[in-house]
Amino acid sequence: MCLGIPGQIVKITDETRLMALADVSGVKREVNIAPVLTGAIEALIGKWALIHVGFAMAIIDEDEAAATLKALHDLGETQEAHEAMAAGDRALEVGA
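Quick caveat: nothing in here was measured; it's all calculated off a predicted structure.

Thresholds applied
- Residues numbered from 1 in each chain as written.
- Predicted model: local features only at pLDDT ≥ 70, side-chain atom pairs only at ≥ 80, totals over all residues.
- Heavy atoms only, no water.
- Pairing = 2+ DSSP bridges.
- Helix = DSSP H or I, 4+ residues; strand = E, 2+ residues; numbered from the N terminus.
- Buried < 20%, exposed > 50% of the residue type's maximum accessible area, 1.4 Å probe, protein only.
- Contact = heavy atoms within 4.5 Å.
- Patch = residues over 30% accessible without salt bridge, like charges linked within 9 Å, V, L, I, M, F, W, Y side chains within 5 Å.
- Areas by Shrake-Rupley, 256 points an atom, 1.4 Å probe, with all protein chains shown as cover.
- Salt bridge = Lys/Arg side-chain N within 4 Å of Asp/Glu carboxyl O.
- Lys, Arg positive; Asp, Glu negative; His and termini not counted.
- Charge placed at Lys NZ, Arg CZ, Asp CG, Glu CD.

### A closer look at the pairing of strand β4 (residues 48-52)
For step 1, the next point in the chain: In this sheet, β4 lies alongside strand β1 (residues 5-14) in antiparallel orientation, the contact comprising four bridges. Across the sheet, the residue bridging to I5 is I51, located in β4.
For step 2, the next point in the chain: Summarising the sheet, β4 and strand β5 (residues 55-60) pair through five bridges and their orientation is antiparallel. Directly across from H52, in β5, lies its bridge partner F55.
For step 3, the next point in the chain: The hairpin formed by β4 and β5 contains two residues between the paired strands, and V53 there has a positive phi angle of roughly 40°.

Below you can see the structure in the form of structure tokens.
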């Protein structure tokens with residue numbers, strides 16, 4: 001099963017590589033924003049996106065993000081995705 005989870009774009013980290021920092025339920029993660037870039041890159045800051053395997057796949061509104069996060073939380077999926085992302089981040093830190 002594939003899981004996309006809402007995250008808020010909080011900062012552009014590398015304009016050349018189209019990378020941004022997304023806050024996914026309190027976990028900050030760098031994501032590629034190329035799939036959702038339709039205008040000025042700075043316009044994405046503050047927007048909510050559906051994040052899947054390191055890519056912002058779709059822009060969603062704040063209400064949809066909140067409803068999706070609640071549904072995922074209710075299903076227990078958020079915790080599982082959070083743990084997987086945190087484990088991936090720890091693995092990257094150890095390998096660096």
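So, next bit.
### Digging into the environment of A20
For step 1, the next point in the chain: Note on placement: A20 falls in strand β2 (residues 19-24).
For step 2, the next point in the chain: With relative accessibility at 0%, the residue A20 sits in the buried group.
For step 3, the next point in the chain: Each C-alpha atom, one on A20 and one on E42, is 10.0 Å from the other, the two residues being 22 residues apart in sequence.
For step 4, the next point in the chain: Beyond its immediate stretch of four places on either side in the chain, A20 contacts I9, K11, I12, T13, R29, E30, V31 and I33.

### Overview of a negative patch on the surface
For step 1, the next point in the chain: Negative charge collects at one region of the surface, where D61, E62, D63 and E64 lie side by side.
For step 2, the next point in the chain: In this structure, E64 sits in helix α1 (residues 62-75).
For step 3, the next point in the chain: A relative accessible area of 42% means that E64 is categorised as partly exposed.

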